[in-house]
Amino acid sequence: MFYKLMYKRGMHKYRKSYINILCVFILTLSMLSFTSIYCDSHYNYNDAVLIPAMTADWTCDIRVKNITEEEAILYSRIPNVDMVYAAGNLDFVLLDTNEFETVLEQIRTILNSQHEHIHEITDTTPTIYVYYGRDVRNNIDDYYDNGVRIGTAVFQAILTAIGAVSMVLIYSDYIRQRTEDIRTLSAIGITERQLHRLFFGECNVLYLLSVVIGIPLGGGIAYVFFKVCEWVDMSDTNSVYPVFDLHITSLLTTALIGYMAVYITFQIILKKILRIDASYTCAESVIEFDPDKFRGFYYKATPHFRAFFARILRKRSSTKSKSLVVLIASIIALSIVMLNTVNYAIGREYSHGEIKPSELAAAISATSLFIMSTIYAILYSLAIVAIFTKRQMESNAKSTQILYALGADEHILYSCFHRYMLRQFTSSVLSGFGVGYAATVLIFSSVNHTIYINLWFIIVHLVLIVLYYFVYLFSMKKYFNENCRSTISEEAGG
Amino acid sequence: MALLEIKHIRKEFVSGTRTVQALKDITLTIEKGEMVAITGPSGAGKSTLLQICAGLMRPTKGNICLDGKDLYALNDDKLAEFRRNHISYILQHFNLLPMLTAHENIAIPSLLNDVKPDETVLREITDTLGITERLEHFPAELSGGEQQRVGIARSLINNPACIFADEPTGNLDGGTTKDVMDLFCRLNEAGKTIVIVTHDPEVARYCHREITIVDGMIR
């Protein structure tokens, strides 16, 4: 009964906070589901039956991949070769290496007669390197697949960690709002177990909702992403691109990883909840002041006040807010590295000359993990910026109220906050870009890549800066009006 | 018969390298059915003593026996349950849950016991307090006096042995203060033990006994 009542009423009172938490949960779940689907997708080699053949030390070998045992029998009439069929591959060992081209031609003829309309045999079919009898190409394939999986897992881990930080921040913000409720309930006699159950239940409901919305959202984004690229005719390219594949197990794993992130977040928050001390309910004092008595004092000090207050804001900013600037800068740096990687993968080939739509589609599709990871990282950093700004304005509400009552002008107070926020915006964005580019140069030079600068790339950077500034400014205005301005008019009659 | 026994209570707060002694060896007994006022200047330790007596803050040394039970021998969960069923605590700032109606706020201590409040008892309490008409209103829609009455009703719903009130009239005007104190007197006449922390000599005058605390000690 107690829990039902609290949830029912909380839904009205804290709806906004629930929506905010839900948004961050959904963002995390959709990111996890997108990356899981990417990880599970198989890779399209244009449906060609490949004839990798190569000559590293001019010893010859040929392999026909992706054929059935029945199809393999058709090749038995080719002379001068030994054949071994295993695991969908037919390996040819040439008895006479001078016969390489002849054997290859015969294989192509059979392949074309068998798969004329199904498979395309192109000259761009990748070759294999046979080196001391070892099929290096196969190893490369394995490395590539494993690399994609490991890379995806690394992205998932990084983005989940960022997601968990955002979840902790947004949840702490909600708990701050409920501190007084928790104190009152503790004074009445709620046990730790009941508090745990109350908030854990809430957290689970929000998680379930985010699973219902987030996983289909991530899957939907992946589907649209891959399908759009699949619809473009890419038969003229030899690019490898992922094909949408849905495995129920991976969705369950996604839900499980998401739940682990939510659970860890909750455990961190629970510690905060249990630290809330009921005794403060009575210790809290209301700062009393007489506005009329002091009004005008700060009007006299106005010429110096702006500089004074801005300096105070800067000097008194807590270690927590400084570490948040570092966090935002780190995520921006990560986005910059990924943005450069995307630009390298897509823009490298097409920086000169005409861009073929099919090749562009294949490149976008193949780098969709990077593209989406960049987008998710940017979304997370924007969410953190908004939460951070909200906290700043809320924590300064009381000071603003007193300063206003002492006679400080509202516009001056606003401009002080604006100046302070602008400083934080500049430092976090500049250091994020700086560290991001330093890391990019370091990584790219170690793998002999060069940074490509083109028009769309510059536009994306500008959009990014404008976006960050807009979120900083918008949140500051919103929360100044909500916390400082309304308090001013209510409490001090301004 | 002693309801509350406070034995050699000391409370120290550590702030950085500094240790502040809020209470210095306080020993006190409050009889069943007594109405006691704890007075003293700001920072004397009145509220700290009240919170320790009400089981909200563990003392650095000493123990508190309420109705023969050593409060701080209990673990946190047991202490919370004991507080819920045997002690009630009334606050200066009313501390009602803003999202619940007056009725729901009053019912919360019972609901925490996983039982529905006895509606007859609830009506009796609210009739006595004169807030029956306001039960479906939210705290924001009530006046200060009404909010305090709801707080008092909440504190009575589980029929506690002892009521602790920290500046219960601190946020009320003169007329409402008198009403609330008359109410406390009626509750005391009905057999409730009441301990009130106050700055106001007028409020202290309603009580049987006045204990003055100065600098963490009983004067």
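Residues numbered from 1 in each chain as written. Chains lettered and ligands numbered in written order. Predicted model: local features only at pLDDT ≥ 70, side-chain atom pairs only at ≥ 80, totals over all residues. Heavy atoms only, no water.

This next bit is on the overall build of chain B. In terms of regular secondary structure, chain B is built from seven helices and ten strands. When the 219 residues of chain B are sorted by exposure, 56% land in the buried category. Element-wise, carbon and sulfur atoms account for 48% of the exposed surface of chain B, whose accessible area totals about 9300 Å². (Helix = DSSP H or I, 4+ residues; strand = E, 2+ residues; numbered from the N terminus. Buried < 20%, exposed > 50% of the residue type's maximum accessible area, 1.4 Å probe, protein only. Areas by Shrake-Rupley, 256 points an atom, 1.4 Å probe, with all protein chains shown as cover.)

Quick look at the overall build of chain A now. When helices and strands are counted, chain A shows 18 helices and eight strands. Taken over 494 residues, chain A has a buried fraction of 49%. A sequence separation of at least 24 residues applies to 83% of the contacts in chain A between residues at least 6 apart. (Contact = heavy atoms within 4.5 Å.)

The subject of this paragraph is the sheet that holds strand S2 (residues 18–31) of chain B. Residues and elements named next belong to chain B. The sheet built from four strands is open, its strands ordered S2-S1-S4-S5 with antiparallel pairing. Among the strands making up the open sheet, the edge pair consists of S2 and strand S5 (69–70). Contacts from helix H1 (residues 46–53) reach strand S1 (2–15), S2 and strand S4 (61–66), with the element oriented near 120 degrees to S1. (Pairing = 2+ DSSP bridges. Axes fitted to C-alpha atoms, helices over the stretch in contact; angles between N-to-C directions.)

We now examine a negative patch on the surface. Residues and elements named next belong to chain B. Together, Asp 118, Glu 119, Glu 124, Asp 127 and Glu 133 make up a negatively charged patch on the protein surface. Mapped onto the secondary structure, Asp 118 falls in the loop between helix H3 (102–112) and helix H4 (119–129). A relative accessible area of 43% means that Asp 118 is categorised as partly exposed. (Patch = residues over 30% accessible without salt bridge, like charges linked within 9 Å, V, L, I, M, F, W, Y side chains within 5 Å. Salt bridge = Lys/Arg side-chain N within 4 Å of Asp/Glu carboxyl O. Lys, Arg positive; Asp, Glu negative; His and termini not counted. Charge placed at Lys NZ, Arg CZ, Asp CG, Glu CD.)

Listed per partner, the contact involves 30 residues of chain A and 29 residues of chain B. Summed over both sides, the interface between chain A and chain B buries roughly 2600 Å², with carbon and sulfur atoms accounting for 64% of that surface. Linking Glu104(B) and Arg9(A) is a salt bridge whose minimum nitrogen-to-oxygen distance equals 2.5 Å. At the boundary of chain A with chain B, the tally comes to seven residue pairs in polar contact (both at pLDDT 80 or more). At the level of secondary structure, the elements contributing two or more residues to the side of chain A that touches chain B comprise helix H1 (2–13), helix H6 (179–188), helix H7 (192–231) and helix H9 (280–283) of chain A. (Buried area = accessible area lost by both parts, 1.4 Å probe. Polar contact = N/O pair within 3.5 Å; in protein donor to acceptor, adjacent residues only side chain to side chain.)

Bringing a positive patch on the surface into the picture now. Taken together, Arg193(A), Arg197(A), Lys69(B) and Lys78(B) make up a surface patch of like positive charges. Positionally, Lys69(B) belongs in strand S5.

With that out of the way, let us pick up the pattern of salt bridges. Residues and elements named next belong to chain A. Evaluated as defined, the whole model comprises 15 salt bridges over all chains. With its nearest N and O atoms 3.6 Å apart, the salt bridge here joins Asp 181 to Arg 178. Classification of Asp 181 as buried rests on a relative accessible area of 4%. Here the salt bridges do not stand alone but share partners, grouping Asp 173, Arg 176, Lys 390 and Glu 394 into one network.

Moving on, we come to the packing of helix H15 (residues 368–395) of chain A against helix H17 (residues 410–446) of chain A. Residues and elements named next belong to chain A. Taken N-terminus to C-terminus, the directions of H15 and H17 make an angle of 145 degrees; their axes are 12 Å apart at the nearest point. As H15 runs across H17, the sense of the crossing is right-handed. Where H15 abuts H17, its residues Phe 388, Thr 389, Gln 392 and Met 393 lie against Phe 417, Tyr 420, Met 421 and Gln 424. Each residue belonging to the contact of H15 with H17 can be placed in one class, and the counts come to five nonpolar, three polar and no charged. (Left-handed = near helix turned anticlockwise from the far one by under 90°. Nonpolar A, V, L, I, M, F, W, Y, C, P; charged D, E, K, R; others polar.)

This part covers the nonpolar core. Phe2(A), Met6(A), Tyr171(A), Ile175(A), Phe199(A), Tyr468(A) and Ile108(B) are the most contacted members of the largest nonpolar core, which has 97 residues in total. Residues lining this core come from more than one domain, with at least three contributed by each of domain 1 (1–43 + 139–284) and domain 3 (289–494) of chain A. Residues Ile30(B), Met57(B), Phe82(B) and Phe164(B) belong to the second largest nonpolar core, which totals 36 residues. (Core = buried A, V, L, I, M, F, W, Y, C linked by side-chain atoms within 4.5 Å. Domains from an automatic or database assignment.)

This part is about H3(B). Residue and element names in this part refer to chain B. Among the eleven residues that make up H3, eleven are buried, leaving the element largely enclosed by the rest of the structure. Restricting attention to buried positions, one finds in H3 the residues Ala 102, His 103, Glu 104, Asn 105, Ile 106, Ala 107, Ile 108, Pro 109, Ser 110, Leu 111 and Leu 112. Immediately beyond the C-terminal end of H3, within one or two residues, lies Asp 114, with a positive phi of roughly 65 degrees.

Quick look at the confidence of the model for chain A now. Taken as a whole, chain A shows an average pLDDT of 75; of its residues, 72% reach a score of 70 or greater. Scored below 50 in pLDDT, residues 281–300 of chain A makes 37 contacts in the model with residues more than four places away or belonging to other chains. (pLDDT = per-residue confidence, 0-100.)

Turning our eyes to something else, we now look at the pairing of strand S3 (residues 35–39) of chain B. Residue and element names in this part refer to chain B. Counting buried positions over the five residues of S3 gives five, a clear majority of the element. A two-sided burial pattern is seen for S3, the buried positions comprising Met 35, Ala 37 and Thr 39 on one face and Val 36 and Ile 38 on the other. As judged from the four bridges shared by S3 and strand S8 (residues 193–197), these two strands associate in the parallel manner. What sits directly across from Ile 38, in S8, is Val 197. Note: S3 against strand S9 (residues 209–214), four bridges, orientation parallel. Along S9, the bridge assignment pairs Ala 37 with Glu 210.

Moving on, we come to the packing of helix H2 (residues 15–40) of chain A against H7(A). Residue and element names in this part refer to chain A. Between H2 and H7, the shortest axis-to-axis distance is 6 Å and the interhelical angle comes to 45 degrees. Between H2 and H7, the crossing angle belongs to the class labelled oblique. Note that H2 runs across H7; the crossing there is right-handed. Among the residues forming the contact of H2 with H7, the class breakdown is 21 nonpolar, six polar and one charged. (Parallel < 35°, antiparallel > 145°, perpendicular 65-115°, else oblique.)

On the secondary structure map, Asn105(B) appears in helix H3. Separated by 3.2 Å, the side chain of Asn105(B) and the backbone oxygen of Leu100(B) make a polar contact.

Turning next to the pairing of S8(B). On a regular strand, one side chain projects to one face of the sheet and the next to the other, so that they alternate. All names here are of chain B. The buried count for S8 comes to five of five residues, which makes it a mostly enclosed element. Burial along S8 is two-sided: Thr 193, Val 195 and Val 197 and Ile 194 and Ile 196, pointing in opposite directions, are all buried. Of the strand pairs in this sheet, strand S7 (residues 162–166) and S8 are connected by five bridges, and their pairing is parallel. Looking at S8, one finds that Ala 165 is bridged to Ile 196. With helix H6 (residues 174–189) bridging S7 and the parallel S8, this β-α-β connection has right-handed handedness. (Right-handed = clockwise from strand over helix to strand, strands pointing away.)

Residues and elements named next belong to chain A. Using the criterion set out here, one finds 17 aromatic pairs over all chains in the structure. Arranged with centres 5.1 Å apart and planes meeting at 85 degrees, the rings of Phe 155 and Phe 370 form a pair that is edge-to-face. In this pair, Phe 155 is assigned in helix H5 (residues 136–177) and Phe 370 in helix H15, connecting sequence segments 215 residues apart. For Phe 155, a relative accessible area of 13% translates into the label buried. Residue classification places Phe 370 among the partly exposed residues on the basis of a relative accessible area of 26%. Within the aromatic cluster, the residues linked to one another by ring pairs are Tyr 14, Tyr 18, Phe 25, Tyr 171, Tyr 174 and Phe 199. (Phe/Tyr/Trp six-rings, centres within 6.5 Å; stacked < 30°, edge-to-face > 60°.)

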